[in-house]
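As a plain string of letters, each chain reads:
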Amino acid sequence: MTTYDYDSDVFPGHDPLASLADVPSFPLTSSGVSDGERLADTFVGEDATSPELSWSQLPEGTKSLAVTCYDPDAPTGAGFWHWAAFNIPVDVTALPAGAGSAEDLGVGAVTLKGDSGQRAFYGANPPAGHAPHRYIFAVHAVDVEKLDVPEDATPTVLAFNLFFHSLGRGVVWGWYENK
């Protein structure tokens, strides 16, 4: 199986982390997503399941968390948000597979409507023949217990707020292509 570099010219989109605040990283792992590897069919399409995510070694001062999944390679000029949730309690250290189907992730969080229009995780689903797309899963360590982001906001509004409130970020990514 071919592994693509995160910033490789194989992908049509930009580096999605280039414009974010430069913050320390912390370990983020997934039993279902391996960095740079093709996503399993479980995470593909409208009926996809969100992957299990586990994190540790949060930066000092972390008071809550946010989780996002973003495809920078979508042919929109703005990418495509597949998942965006925030106000995850700081004592949560993992989300089980499928947590993205619950609006509160099962932990009392807030899930925003992604670009699919769903208030849930939406699986990889690039246009046929477009190119491989990256799916960037990130957990953000946040410096406040509750972000003041309206529940009807877009994931882009959440990302803007995370720019000012992130203390650290863990990232794991995979790719998928519809041939």
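Being a predicted model, the structure only gives us computed values, none of them experimental.

### Topic: the environment of Asn-87
For step 1, the next point in the chain: Assignment of secondary structure puts Asn-87 in strand 5 (residues 80-89).
For step 2, the next point in the chain: Each C-alpha atom of the pair Asn-87 and Asp-148 lies 9.4 Å from the other, and the pair is 61 residues apart in sequence.
For step 3, the next point in the chain: Apart from residues lying up to four places away in sequence, Asn-87 is in contact with Ser-64, Leu-65, Gly-108, Ala-109, Val-110, Glu-145, Lys-146 and Leu-147.
For step 4, the next point in the chain: One polar contact links the side chain of Asn-87 to the main-chain amide nitrogen of Leu-147, over a distance of 2.7 Å.

### Digging into the sheet that holds strand 6 (residues 94-95)
Think of a sheet as strands paired side by side through backbone hydrogen bonds, with each pair either parallel or antiparallel.
For step 1, the next point in the chain: Strand order in this open sheet of three strands is 1-3-6, and the pairing throughout is antiparallel. The outermost strands of the open sheet, each flanked by one partner alone, are strand 1 (28-29) and strand 6.
For step 2, the next point in the chain: Note that strand 1 and strand 3 (residues 53-55) share two bridges and pair antiparallel. Within strand 3, the residue paired with Thr-29 across the bridge is Ser-54.

### Comments concerning the sheet that holds strand 7 (residues 110-111)
For step 1, the next point in the chain: Pairing within the open sheet is mixed, and its six strands lie in the order 2-9-8-4-5-7. Single-partner strands in this sheet number two, and they are strand 2 (37-38) and strand 7.
For step 2, the next point in the chain: Along the sheet, helix 1 (residues 155-165) makes contact with strand 4 (64-71), strand 5, strand 8 (133-142) and strand 9 (166-176), crossing strand 5 at roughly 50 degrees.

### A closer look at unusual backbone geometry
For step 1, the next point in the chain: Despite not being glycine, Asn-87 shows a phi value in the positive range, around 60 degrees.
For step 2, the next point in the chain: Here the phi dihedral of Leu-105 falls at roughly 60 degrees; this positive angle occurs in a residue that is not glycine.
For step 3, the next point in the chain: Looking at where Leu-105 falls in the secondary structure, it is placed in the loop between strand 6 and strand 7.
For step 4, the next point in the chain: What makes Leu-105 buried here is its relative accessible area of 5%.

### A closer look at the environment of Asp-143
For step 1, the next point in the chain: By the element assignment, Asp-143 lies in the loop between strand 8 and helix 1.
For step 2, the next point in the chain: The class of Asp-143 is partly exposed, set by a relative accessible area of 27%.
For step 3, the next point in the chain: Counting along the chain gives 121 residues from Asp-143 to Asp-22, while the straight-line C-alpha distance between them is 15 Å.
For step 4, the next point in the chain: Not counting residues within four places of it along the chain, the set of residues in contact with Asp-143 comprises Gly-61, Lys-63, Phe-164, His-165 and Leu-167.

### Remarks on helix 1
For step 1, the next point in the chain: All buried positions along helix 1 are accounted for by Pro-155, Leu-158, Ala-159, Asn-161 and Leu-162. Angular distribution of buried residues about the axis of helix 1 spans 165 degrees; they occupy a single face of the element.
For step 2, the next point in the chain: Residues of helix 1 that are buried sit in contact with strand 4, strand 5, strand 8 and strand 9.

### Some thoughts on the packing of aromatic side chains
For step 1, the next point in the chain: Tallying each qualifying case throughout the model produces seven aromatic pairs.
For step 2, the next point in the chain: Ring centres of Phe-11 and Trp-173 lie 6.0 Å apart, and the angle between their planes is 80 degrees; this geometry places the pair in the edge-to-face category. Note that Phe-11 is positioned in the segment before strand 1 and Trp-173 in strand 9, a separation of 162 residues in sequence.
For step 3, the next point in the chain: Here the aromatic residues Trp-83, Phe-121 and Phe-137 are joined through ring pairs into a cluster of three or more.

Cut-offs used in this document
Residues numbered from 1 in each chain as written. Predicted model: local features only at pLDDT ≥ 70, side-chain atom pairs only at ≥ 80, totals over all residues. Heavy atoms only, no water. Helix = DSSP H or I, 4+ residues; strand = E, 2+ residues; numbered from the N terminus. Contact = heavy atoms within 4.5 Å. Polar contact = N/O pair within 3.5 Å; in protein donor to acceptor, adjacent residues only side chain to side chain. Pairing = 2+ DSSP bridges. Axes fitted to C-alpha atoms, helices over the stretch in contact; angles between N-to-C directions. Buried < 20%, exposed > 50% of the residue type's maximum accessible area, 1.4 Å probe, protein only. Arc of directions from axis to C-beta. Phe/Tyr/Trp six-rings, centres within 6.5 Å; stacked < 30°, edge-to-face > 60°.

Everything listed here is a matter of coordinates, which is why it stays silent on function.
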